[in-house]
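Structural overview
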Amino acid sequence: MGANLTDSKGVGASLRRKEDARLLAGKGRFVGDIRFPGQLEVAFVRSPMAHALLTRVDVPEDLRSRVFTMDTMSGVKAILAKSGLEGFKVSEQPPLAKDKVRFVGEPIAMCFAETRAEAEDIAECVQVELEDLGANSDMLKAVQPGAPLIHPEWTDNIFLETFIDGDIEAIAKKAVIKVTREIDTSRQCMTPIEGKGTVAIWDRHVEQLVLYTSTQMPHIVRAGLSECLSLDQRKIRVIAPDIGGGFGWKGLLQAEEVCLAWLAMHLDRPVRWLEDRREHLVAAANCREHHYDITGYADAKGKLLAIDATAHVDAGAYSIYPFSACLEAAQVGSILPGPYDLEAFRCRTFSVCTNKPPIVPYRGVARTAVCFAIELIIDAIAREAGLDPVDVRLCSLVKPEQMPFKNITGKDFDMGDYPESLRRAAAAIDLKGVRARQAAGDRANGRRIGIGFATYTEQGAHGTSVYHGWGIPMVPGFEQAGVRLTPDGTLEVRVGNQSHGQGMETTLAQVANEMLGIDPDLVNVIHGDTALTPYSTGTWGSRGAVMVGGAVANACSKLAERICQIGAHLLQVDAAQIELRDAAVFSGESFATFADIAHTFYRAPQDLPPDVNPDGLEVVSGYRPKVDTGTFSYASHAALIAVDEEIGHIELLDYVIVEDGGTLINPMVVDGQIYGGAAQGIGTALYEEMWFDKSGQPRATTLADYLLPAAPDIPNIRIEHMETPSPNTFFGQKGIGEGGAIAPPAAITNAINDALADLDVELTVSPVTPRRVVEAIAHARGTEG
Amino acid sequence: MKSVAFEYVKASGLEDAAVALQQDGAKVVAGCQSLGPMLNLRLARPSLLIDITGIGELTKIEERRDTVTLGACITHAAIEDGAVPDPTNGALPAVAANIAYRAIRNRGTIGGSLAHADPAADWPTALMALGAEAEIVGTKETRHVPVEDLVLGAFQTGLADDEILTSVSIPRVSKSARFGFQKFCRKVGEFAEAMCAVLDDPERGFTRIVVATDSKPVILDGADLMIREPETIGDRVAISGLGGDAYVTQLRRAVIRRAIAGMQPLGR
């Protein structure tokens with residue numbers, strides 16, 4: 001890492017982030033900073049029970065004008081996030097619960113007042129009558145016959161079951177090694193620093209509902225609002241201002257957004273709701289809960305031959321818009337083979353409906369749990385075979401000479417050297433040295449040390465061909481970007497996705513610099529506003545650099561042609577003789593700057609010939625990669641840990657990531673993405689767990705109970721880059737935004753299991769808490785209780 | 001969440017505060033590091049908050065031959081930084097420096113921590129091991145109560161409705177005294193899962209091992225023996241009534257053993 005010392009400000013330069021000047025000075029404008037005259041505050045009455053009939057909502061007489069329920073919120077329709085996959089069962093999610101509640105924290109009534117505290121006072125006065133129906137808090141029980149039905153029109157509590165068949169029996173006959181495990185990743189909560197927030201106002205002048213909301217996908221929120229409110233999309237403007245992290249939680253249409261939009265129109269007053277941390281922890285942003293029954297088959301050398309798995313994903317009570325309740329499980333079925341070259345693969349998945357908040361795709365989506373499952377299996381095979389887990393991986397990974405490679409589930413791996421990333425990670429963390437220390441019985445202050453690895457691929461920027469098959473409310477197609485040379489020769493770039501920490505205001509300006517030679521400081525990137533930007537499905541799925549980067553490059557390229565035409569006229573030469581560089585056009589010694597050209601077009605058109613291109617200096621252009629099934633960045637993570645057997649504490653002694661994101665637009669921004677992702681992955685590995693009791697009550701409802709990693713808990717992560725360009729994208733860039741969060745639970749848990757291997761301890765549940773470590777050791781020693 | 005509405009008064013003197021405290025639903029607040037979140041979660045619903053941080057005598061320090069008395073509103077940070085006299089030659093700052101985060105230490109107070117009696121808090125356990133005594137001023141009388149008699153359980157103290165904890169007196173340790181403090185937190189700044197403080201001061205004939213529990217901290221019997229023969233710790237813990245499942249018991253044994261093993265001389 002470190003600043004690029006060349007003068008380049010284009011692709012490959014570690015340019016400092018333009019947006020940081022305002023963000024680091026506390027001058028960003030977030031939803032919570034937005035205030036309109038007469039703005040009202042909203043609080044929600046939320047369900048105290050997980051699964052119950054809602055028989056009565058009693059509002060005191062004097063408060064009735066300030067409280068709305070689904071019955072009084074006239075004309076609002078339920079949120080519907082269907083999937084076209086065969087057998088998918090549709091859940092209707094009324095924005096305020098009607099007749100029934102399906103998770104603790106589900107909104108039942110909306111209350112408004114001049115202040116939030118007063119709105120909460122009103123909410124306390126609303127009496128709710130509920131009849132317990134028995135909670136489904138364990139997905140493995142929820143699928144059993146006789147479990148209380150969450151959606152009574154269904155026949156069971158399963159959104160979707162999928163099955164991919166493979167000839168496992170043939171492999172089983174020849175496989176020398178077979179390991180079977182149950183593997184779990186606990187439910188988590190995403191906890192971005194900024195929670196969700198929405199301000200809604202009816203703009204009388206343009207006759208539009210304007211929704212300022214902390215979202216990653218303003219255009220998709222507009223589409224969803226239109227469906228729920230039966231309001232034309234032209235009547236809706238969605239603006240995402242500065243966003244304090246999303247991670248997936250802001251990649252959906254939220255019930256509260258629908259409610260606020262309706263209320264602003266109903267009252268003709270600006271209204272605001274800011275999710276507080278307790279609402280966030282109790283009722284929102286749940287993710288990650290998977291259960292695997294998984295068997296791996298390998299030959300005597302440890303080469304992985306086949307995976308046979310049944311996976312359950314706890315999808316919660318409703319299918320979320322637009323990703324639906326089956327995205328996670330569908331991903332499991334398609335990416336469980338990981339970066340490995342398998343001979344057979346069989347996988348059954350269940351997207352289970354439970355009485356918990358809907359699961360939302362969190363950074364990495366299913367990949368984190370998938371990586372956890374298969375990488376633990378790899379280490380189990382290594383132990384069974386008496387081999388080093390690195391050697392097992394090296395002989396099982398897809399090899400560079402096989403690239404480009406179509407894997408067993410049809411994924412197109414777009415170049416790279418997976419084994420090399422692992423070899424480099426092993427060298428960087430000094431695998432040999434650690435093994436020597438372990439053999440010598442060397443301890444870190446009395447603690448056992450262990451080393452663990454995980455290798456993964458991250459499919460990013462997957463497009464039309466992947467999404468149309470799922471039949472969900474959103475299918476990404478061509479991504480568009482608008483570029484406009486302003487009359488002074490500076491540049492506006494307009495994109496329909498949204499930057500909420502990705503540094504896009506910088507990286508997209510670098511793309512413009514690469515194409516036009518314009519200084520990134522003279523480029524403004526405008527994003528996150530449906531009125532100002534082309535349509536986009538938004539920022540998710542590690543797609544920004546590939547899709548939007550490509551779109552900006554294409555738009556700049558077309559703008560360059562227009563610039564050259566006018567420049568050629570000013571220089572009185574043929575356009576073919578023109579060279580564009582450094583924000584100017586050159587013909588030999590003579591040149592015309594962008595400022596000259598823009599000035600002429602906008603302010604001195606009399607100097608242009610009559611046949612000048614009337615379309616001017618503004619272009620909207622689109623882009624889709626040659627192969628749109630996604631880029632495949634990859635990485636190997638290596639963790640060195642010490643475990644205190646007595647109290648179960650884990651210390652991360654060293655952590656190495658060797659990552660290949662193809663061509664890096666801004667290596668420093670990429671490193672930032674990796675650091676942040678890895679910190680979240682460490683949270684998944686060691687700390688974060690949103691657990692529910694049998695009655696479906698969430699039990700980590702404050703940040704004293706829901707532990708997040710903080711600065712002292714994150715080691716000095718060392719990153720090495722490999723740069724194998726993707727043949728399919730504009731600059732060879734690959735999506736890397738989620739990768740850091742994928743591998744840490746696997747690498748760290750493998751390291752813990754490595755340290756405790758002598759004790760015959762193998763942990764298979766994330767997070768690996770001190771209690772789980774101590775209890776596993778006690779179990780192995782037969783000294784439980 | 002936002003707190004329910006309450007009145008707020010900043011008391012200028014102890015008498016003011018005591019009078020205000022007569023009001024039904026009144027509650028004293030100093031650093032507000034524990035009460036603040038409880039207010040916002042609406043778990044605490046006082047009708048009146050009496051801010052005592054403006055009362056001069058609550059930050060006073062008195063140095064006597066055998067003790068140092070610290071006003072209740074002295075912050076953890078002041079103790080950590082050595083801004084107030086330390087009768088323990090390093091034990092108090094060592095404990096203070098590891099309470100939560102600096103931002104909390106800047107506002108949180110030693111008296112507030114005792115009066116709140118959170119079983120996971122550091123001061124009740126540490127001050128009990130140091131043999132500290134709290135001064136309590138009520139409308140009728142002023143009394144002095146050892147910390148072990150003040151803290152009655154989780155969030156429960158012997159403070160009457162009209163009483164305010166005004167100061168804490170901490171005995172001076174001998175030159176030969178040793179002190180050990182161990183807590184296990186899942187991560188830096190979190191509440192402790194297990195905690196033990198040990199003071200071994202034979203010159204004064206004072207040896208004490210205190211372990212935090214889910215209720216009030218427990219003073220272990222047989223401290224001398226456990227220090228001399230650490231292998232007896234397991235048995236002592238078993239008979240000391242320290243509840244908890246196997247994991248919790250193991251953690252408590254570990255912090256006791258490590259607190260004893262980690263005792264440092266408190267020499268000058």
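What you see is a predicted model; the values in this text were computed from it and never measured. (Residues numbered from 1 in each chain as written. Chains lettered and ligands numbered in written order. Predicted model: local features only at pLDDT ≥ 70, side-chain atom pairs only at ≥ 80, totals over all residues. Heavy atoms only, no water.)

Attention now moves to the pairing of strand β32 (residues 718-722) of chain A. The pairing of strand β31 (residues 649-660) of chain A with β32(A) spans five bridges and is classified as parallel. Its bridge partner being in β32(A), Val656(A) is matched across the sheet by Arg718(A). (Pairing = 2+ DSSP bridges. Helix = DSSP H or I, 4+ residues; strand = E, 2+ residues; numbered from the N terminus.)

Attention shifts here to unusual backbone geometry. With an omega dihedral of -15 degrees, the bond running from Met403(A) to Pro404(A) counts as a cis peptide bond. Tracing the backbone shows Pro404(A) in the loop between α10 (389-396) and β20 (405-406). With an omega of -5 degrees, the peptide bond between Ser766(A) and Pro767(A) qualifies as cis. Within the fold, Pro767(A) resides in the loop between β33 (765-766) and α19 (770-781). One non-glycine residue, Gln572(A), lies in positive phi territory at about 55 degrees. With respect to the helices and strands, Gln572(A) occurs in the loop between α15 (544-571) and β26 (579-581). With a phi angle near 55 degrees, Ala117(B) is a residue other than glycine that sits in the positive phi range.

All names here are of chain A. Taking 1.5 Å of rise per residue, 19 residues should cover 27 Å, and helix α9 (residues 367-385) covers 26 Å from first to last C-alpha, within 8% of that figure. Along α9, 16 of the 19 residues are buried, which leaves the element largely enclosed by surrounding structure. Positive backbone phi, at 70 degrees, marks Gly386, one or two positions downstream of α9. (Expected span 1.5 Å × (residues − 1). Buried < 20%, exposed > 50% of the residue type's maximum accessible area, 1.4 Å probe, protein only.)

Taken as a whole and assessed by the stated rule, the structure comprises 19 aromatic pairs over all chains. Aromatic pair Phe44(A) and Trp273(A): ring centres 5.7 Å apart, planes at 85 degrees, arrangement edge-to-face. Separated by 229 residues along the polypeptide, Phe44(A) in strand β1 (residues 40-46) and Trp273(A) in strand β15 (residues 271-274) bring together distant segments of the chain. Under the relative-accessibility criterion, Phe44(A) is labelled buried at 8%. Between the aromatic rings of Tyr418(A) and Tyr634(A), the centroid separation amounts to 4.5 Å while the plane-to-plane angle is 50 degrees, which identifies the pairing as tilted. Taken together, the residues Tyr418(A) in helix α11 (residues 418-428) and Tyr634(A) in strand β30 (residues 631-644) connect sequence positions 216 residues apart. Residue Tyr418(A) is classed as buried on the basis of its relative accessible area of 0%. Of the residues examined, Tyr634(A) reaches a relative accessible area of 0% and is grouped as buried. Ring pairing ties together the aromatic residues Phe405(A), Phe413(A), Tyr418(A), Phe632(A) and Tyr634(A), which thus form one cluster. Geometry around Trp249(A) places Lys196(A) over its ring, the cationic atom sitting 6.0 Å from the centre. Seen from the ring of Phe206(B), Arg204(B) lies directly overhead, with NZ or CZ sitting 5.3 Å from the centre. (Phe/Tyr/Trp six-rings, centres within 6.5 Å; stacked < 30°, edge-to-face > 60°. Lys NZ or Arg CZ within 6 Å of the ring centre and 35° of its normal.)

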